[in-house]
Amino acid sequence: MPSTTTATSPAPVGRRERKKAATRQAIADAALRLFLERGYDEVGIREIADAADVSTTTLFKHFPVKEALVFDEDADQEARLLAAVRERPEGRSIPAALREHALTTRLAAADGDAGFAAFTELVAGTPALRDYAQNMWLRHTAVLARAIAEESGLAAGDPVCAALAHFALEAPRAAYACDDPREAIIRAFDLLEHGWSALTQAKA
């Protein structure tokens, strides 16, 4: 389709960037398909590269370790999480912003993806992936805690910020096992909202 970009339109993603993104997605899709079919430990890097029609060198440019192939949206998830806090509407509390993020992003992904259960089973049943996932969530917790501190005017190392970040990330994961995950998330964040309000008001 011919480009309709004008001088005042936002600059489109360049061809090179689109090609890199498509290659990365193809590698991640091929890896997950093979992992789900045969098991994570039974699939080699060369097989994944061949399935995606790339070299192993290209694969490692996009994914430095094998475990990262399963968590290809790690950076995007972190960016959306931080945006939920930093770009929240005026007057919306941080717990409320994180609740909205949990309902519209994390819960929606679980509900809308037919392979979500298979993915979680793959991670839960593979020690290397469990460890990687735990380290990933620890990183997300740390950066979220810093963003909460910045947005609330609290000290960077304030344990209140770390606690909110931790429970905000854990609440949706715990809710998946409930009969009504949406209601469970809402109730969990109601508790976080009340606790956060009490603590921040006391510090004011």
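Note that the structure is predicted; figures quoted are calculated from it, not measured. Within every chain, residues take consecutive numbers counted from 1 along the sequence as written. Only residues with pLDDT of 70 or above have their local features reported here, since the model is predicted, and side-chain atom pairs are shown and tallied only from 80 upward, although totals for entire chains, interfaces and linings are computed over all residues. Heavy atoms from the whole structure form the basis of all side-chain values; hydrogens and water molecules are not counted.

### Focus on the side chain of D72
To keep things clear, this is the line we draw: Numbered from the N terminus, helices here are DSSP runs of H or I no shorter than four residues, and strands are runs of E no shorter than two. Accessibility here uses a 1.4 Å probe with only protein chains present; expressed as a share of the type maximum, an area under 20% marks a residue as buried, one over 50% as exposed, and anything in between as partly exposed. Lys and Arg are tallied as positive, Asp and Glu as negative. Neither His nor the chain termini are counted. The term salt bridge refers to a pairing of a side-chain nitrogen on Lys or Arg with a carboxyl oxygen on Asp or Glu at a separation within 4 Å. For this analysis, residues touch if any pair of their heavy atoms sits within 4.5 Å.
If you trace the backbone, D72 turns up in the loop between α3 (56-62) and α4 (74-86). Although buried, D72 forms no salt bridge, and the nearest oppositely charged side chain, R24, lies 5.5 Å from it. Residues contacting D72, with those up to four places away along its chain left out, are R24, Q25, A28 and F63.

### Describing unusual backbone geometry
For D53, which is not glycine, the phi dihedral falls at a positive 60°. Relative to the assigned elements, D53 resides in the loop between α2 (45-52) and α3.

### Quick look at the packing of helix α1 (residues 15-38) against helix α6 (residues 116-124)
Heads up, the rule is: Orientation is described by lines fitted to C-alpha atoms, with helices fitted over the stretch in contact, and by angles between N-to-C directions that extend from 0 to 180 degrees. Roughly parallel means an angle under 35 degrees; roughly antiparallel means over 145; roughly perpendicular covers 65 to 115; every other angle is labelled oblique. Amino acids outside the nonpolar list (Ala, Val, Leu, Ile, Met, Phe, Trp, Tyr, Cys, Pro) and the charged list (Asp, Glu, Lys, Arg) are all regarded as polar, and Gly is one of them.
Running from N to C, α1 and α6 point in directions that differ by 75°, and their axes come no closer than 10 Å. The angle between the axes of α1 and α6 places the two elements in the roughly perpendicular class. Counting all contacts with α1, which are made through L32, F35 and L36, the residues of α6 involved are A118, F119 and L122. Its residues assigned to classes, the contact of α1 with α6 comprises six nonpolar, no polar and no charged.

### Description of α4
Since the α-helix advances by 3.6 residues per turn, residues separated by three or four positions end up pointing in the same direction. Filter applied, for reference: Between the first and last residue of a helix there are one fewer steps than residues, each counted as 1.5 Å, and that sum is the expected span. In this context, the arc is that of the directions from the helix axis out to the C-beta atoms.
The terminal C-alpha atoms of α4 lie 18 Å apart, and with 13 residues this matches the ideal 18 Å at 1.5 Å per residue to within 8%. Buried residues of α4: D74, L81, L82, A84 and V85, and no others. For α4, the buried positions fall inside an angular range of 150° around the axis, keeping them on one side.

### Regarding the side chain of D74
Locating D74 in the fold gives a position in helix α4. Using a relative accessible area of 12% as the deciding quantity, one classes D74 as buried. Ignoring sequence-local partners within four residues, the contact set of D74 consists of Y132, M136, R139 and H140.

### Quick look at the packing of aromatic side chains
Applied cut-off: What counts as a ring pair is set by centres within 6.5 Å for rings of Phe, Tyr and Trp (its six-membered ring), and what kind of pair is set by the plane angle: stacked under 30 degrees, edge-to-face over 60, tilted for all other angles.
One pass over the structure, following the stated rule, counts three aromatic pairs. Arranged with centres 4.9 Å apart and planes meeting at 55°, the rings of F35 and Y40 form a pair that is tilted. For the pair F35 and Y40, one class covers both residues: buried. With a centroid separation of 5.3 Å and 20° between ring planes, the pair formed by F71 and Y132 is classed as stacked. Separated by 61 residues along the polypeptide, F71 in the loop between α3 and α4 and Y132 in helix α7 (residues 127-152) bring together distant segments of the chain.

### What to know about the nonpolar core
Stated formally: To define a nonpolar core, start from buried Ala, Val, Leu, Ile, Met, Phe, Trp, Tyr and Cys residues and group those joined through side-chain atoms within 4.5 Å.
Counting residues in each nonpolar core, the largest one holds 50 residues, and the members touching the most others are F35, I48, L69, L98 and I148. If you list the elements that add at least two residues to this core, you get α1, α2, α4, α5 (94-112), α6, α7, α8 (159-175) and α9 (181-203). Element by element, the count of residues in this core is highest for α7, at nine residues. Excluding residues within four positions of it along the chain, L69 makes contact with I27, A28, A31, F35, I45, I48, L59 and F63.

Note that every value here comes from positions in space, so none of it alone points to a role or purpose.
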